[in-house]
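Chain and residue survey
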Amino acid sequence: MKPDRLYRLTAACLITHELESTLRQGRNAFTNTLSGYSSLDQQIFLWAHVPIVLGLILLAETGNRAARRYGLCVFAVVHVGLHWFYRNQPVYDFGSLASWVLIILAGIFGAAYLVPAKAR
């Protein structure tokens, strides 16, 4: 698969994961079922994702694309490890199948992007 496609799949999975987590937090704030967060914490979490998603979109096509793409793909791989490390924390709310599929796919596509073209 071409590196551009791998990068775009990585970015798409990360953006969708961020949207999914934001929607889940909004739903939990609405139903008040997430006891680990206060209402203010939920709002901060929700609004903090606006610049994250915007940054991911801008990284997709601007500036020094090679270095930024490389950085985003490295982040996608590290992101999997972070979720795995924190999975047993009391307020961890990413245990759904959809969350894990998006997290792992982003990591797989990111790792594939990082493999040198000659090895692919």
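Residues numbered from 1 in each chain as written. Predicted model: local features only at pLDDT ≥ 70, side-chain atom pairs only at ≥ 80, totals over all residues. Heavy atoms only, no water.

Okay, the overall build of the protein chain next. Each helix and strand in the protein chain was counted, giving four helices and zero strands. Walking the protein chain from its N terminus toward its C terminus, one meets helices and strands in the order α-α-α-α. The buried share among the 120 residues of the protein chain stands at 32%. Across the protein chain, contacts joining residues at least 24 apart in sequence account for 75% of those joining residues at least 6 apart. (Helix = DSSP H or I, 4+ residues; strand = E, 2+ residues; numbered from the N terminus. Buried < 20%, exposed > 50% of the residue type's maximum accessible area, 1.4 Å probe, protein only. Contact = heavy atoms within 4.5 Å.)

Attention now goes to the confidence of the model for the protein chain. Here the protein chain shows a mean pLDDT of 79. Residues at 70 or above account for 75%. When mean pLDDT is compared element by element in the protein chain, helix α4 (residues 97-114) scores highest at 94, while helix α2 (residues 39-61) scores lowest at 71. (pLDDT = per-residue confidence, 0-100.)

It is worth spelling out the packing of aromatic side chains at this point. Enumeration over the complete set of coordinates arrives at three aromatic pairs. A centroid spacing of 6.1 Å and a plane angle of 75 degrees characterise the contact between tryptophan 84 and tryptophan 100, whose relative ring orientation is edge-to-face. Of the two residues, tryptophan 84 is situated in helix α3 (residues 65-86) and tryptophan 100 in helix α4; the sequence distance between them amounts to 16 residues. Between phenylalanine 85 and tyrosine 86 the ring centres are 4.9 Å apart and the planes differ by 85 degrees, which places this aromatic pair in the edge-to-face class. (Phe/Tyr/Trp six-rings, centres within 6.5 Å; stacked < 30°, edge-to-face > 60°.)

This part is about the pattern of salt bridges. For the structure shown, the criterion picks out one salt bridge. Here arginine 69 makes a salt bridge to aspartate 4, at a shortest N to O gap of 2.6 Å. One end of the pair, arginine 69, is in helix α3; the other, aspartate 4, is in helix α1 (residues 3-31), with 65 residues separating them in the sequence. On the basis of relative accessible area, aspartate 4 is assigned to the partly exposed category, the value being 35%. (Salt bridge = Lys/Arg side-chain N within 4 Å of Asp/Glu carboxyl O.)

Further remarks concern the packing of α3 against α4. As a packed pair, α3 and α4 sit with axes 8 Å apart at the nearest point and diverge in direction by 140 degrees. When the axes of α3 and α4 are compared, the pair comes out oblique. Where α3 crosses over α4, the two elements pack in a sense that is left-handed. Here α3 contributes Ala66, Arg69, Tyr70, Cys73, Val74, Ala76, Val77, His79, Val80, His83 and Trp84 to the contact with α4, which in turn contributes Trp100, Ile103, Ile104, Ala106, Gly107, Gly110, Ala111, Tyr113 and Leu114. Considered class by class, the residues forming the contact of α3 with α4 number 15 nonpolar, four polar and one charged. (Axes fitted to C-alpha atoms, helices over the stretch in contact; angles between N-to-C directions. Parallel < 35°, antiparallel > 145°, perpendicular 65-115°, else oblique. Left-handed = near helix turned anticlockwise from the far one by under 90°. Nonpolar A, V, L, I, M, F, W, Y, C, P; charged D, E, K, R; others polar.)

Turning to a nonpolar patch on the surface, a few remarks are in order. The grouping of Tyr70, Val74, Val78, Leu82, Phe85 and Tyr86 at the surface amounts to a nonpolar patch, some 590 Å² of accessible area in total. Within the fold, leucine 82 resides in helix α3. Given the relative accessible area of 40%, leucine 82 is considered partly exposed. (Patch = residues over 30% accessible without salt bridge, like charges linked within 9 Å, V, L, I, M, F, W, Y side chains within 5 Å. Areas by Shrake-Rupley, 256 points an atom, 1.4 Å probe, with all protein chains shown as cover.)

Before going further, it helps to examine the side chain of glutamate 18. Within the fold, glutamate 18 resides in helix α1. In contact with glutamate 18, not counting residues within four places along its chain, are His49, Ile52, Val53, Leu56 and His79.

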